[in-house]
Amino acid sequence: MIKSFNEMRKIDVLPHCELREAKDDKGKTIKVPYLNWAKCKQLLHDNGAEVVYFEPCVNASGSSLFMASEVFTDSKGNTNRCYEVRVRITIDDLTFEAQFPLMNGSNPVKDNSLTQQRLWNAQTRAFVKGVAMRTGLGFELW
């Protein structure tokens, strides 16, 4: 059985993180740690979980991409909607959902840059963030 939220929150995930470039609030490029989904899964198993997996949720049309019906246009004429993904996470007898926006760094993904890779990246981020919020593992990254 997985440890309690407070016990999981105390686990130092930084040695298991990779660094990625991001921009701070002032637009300066910085390196921030992120926990890879596979490392997150392994850490859950290392701390008592027997079963750990996630799967994409699908909308009414069978797509794993959820989007607002309203289209926005930026100053350069690029169209955009509010895109997000949802995943169903199972850890032993606990099942819950997490959602995450499709982002390109700190910017929302626009129609002209929407790819399957961006969907997958958002799904894995939803998994890791959902795990952090529900179990405490990696919670300190946010």
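Residues numbered from 1 in each chain as written. Predicted model: local features only at pLDDT ≥ 70, side-chain atom pairs only at ≥ 80, totals over all residues. Heavy atoms only, no water.

Enquirer: Can you tell me about the nonpolar core, naming the residues and giving the values?
Expert: Within the largest apolar cluster, 28 residues are counted, with the highest numbers of intra-cluster contacts made by Leu 44, Ile 89 and Phe 127. For this core, the elements supplying multiple residues, two or more each, are helix 2 (37-46), strand 3 (52-56), strand 7 (83-91), strand 8 (94-101) and helix 3 (116-135). Residue contributions to this core peak at six residues, all from helix 3. If sequence neighbours within four positions are ignored, Leu 44 has contacts with Ile 2, Met 8, Ala 49, Val 52, Ile 91, Phe 127, Val 131, Thr 135 and Leu 137. (Core = buried A, V, L, I, M, F, W, Y, C linked by side-chain atoms within 4.5 Å. Buried < 20%, exposed > 50% of the residue type's maximum accessible area, 1.4 Å probe, protein only. Helix = DSSP H or I, 4+ residues; strand = E, 2+ residues; numbered from the N terminus. Contact = heavy atoms within 4.5 Å.)

Enquirer: Let's hear about the pattern of salt bridges: which residues, and what values?
Expert: Going through the model one piece at a time under the given rule, you end up with four salt bridges. Linking Arg 9 and Glu 140 is a salt bridge whose minimum nitrogen-to-oxygen distance equals 2.3 Å. Of this pair, Arg 9 sits in helix 1 (residues 5-9) while Glu 140 sits in the segment after helix 3; the two residues are 131 residues apart in sequence, bridging distant segments of the chain. In this structure Glu 140 comes out as exposed when scored by relative accessible area, which is 53%. Between Arg 88 and Glu 97 there is a salt bridge whose closest N-O contact spans 3.0 Å. Using a relative accessible area of 29% as the deciding quantity, one classes Arg 88 as partly exposed. Taking relative accessible area as the criterion, Glu 97 reaches 48% and is therefore assigned partly exposed. (Salt bridge = Lys/Arg side-chain N within 4 Å of Asp/Glu carboxyl O.)

Enquirer: Quick rundown of helix 3? Include the residues and the values.
Expert: Here helix 3 spans 28 Å end to end across 20 residues, near enough to the 28 Å set by a 1.5 Å rise per residue. Residues of helix 3 that are buried in the fold lie against helix 1, helix 2, strand 3, strand 7 and strand 8. Within two residues after helix 3, Gly 136 carries a phi angle of roughly 95°, on the positive side. (Expected span 1.5 Å × (residues − 1).)

Enquirer: Tell me what's going on with the packing of aromatic side chains, and back it up with residues and numbers.
Expert: By the definition in use, this model includes five aromatic pairs. Linked through ring pairs, Trp 37, Phe 54, Trp 120 and Phe 127 together constitute an aromatic cluster. Lying over the aromatic face of Phe 66, Arg 86 brings its terminal NZ or CZ to 4.1 Å of the ring centre. (Phe/Tyr/Trp six-rings, centres within 6.5 Å; stacked < 30°, edge-to-face > 60°. Lys NZ or Arg CZ within 6 Å of the ring centre and 35° of its normal.)

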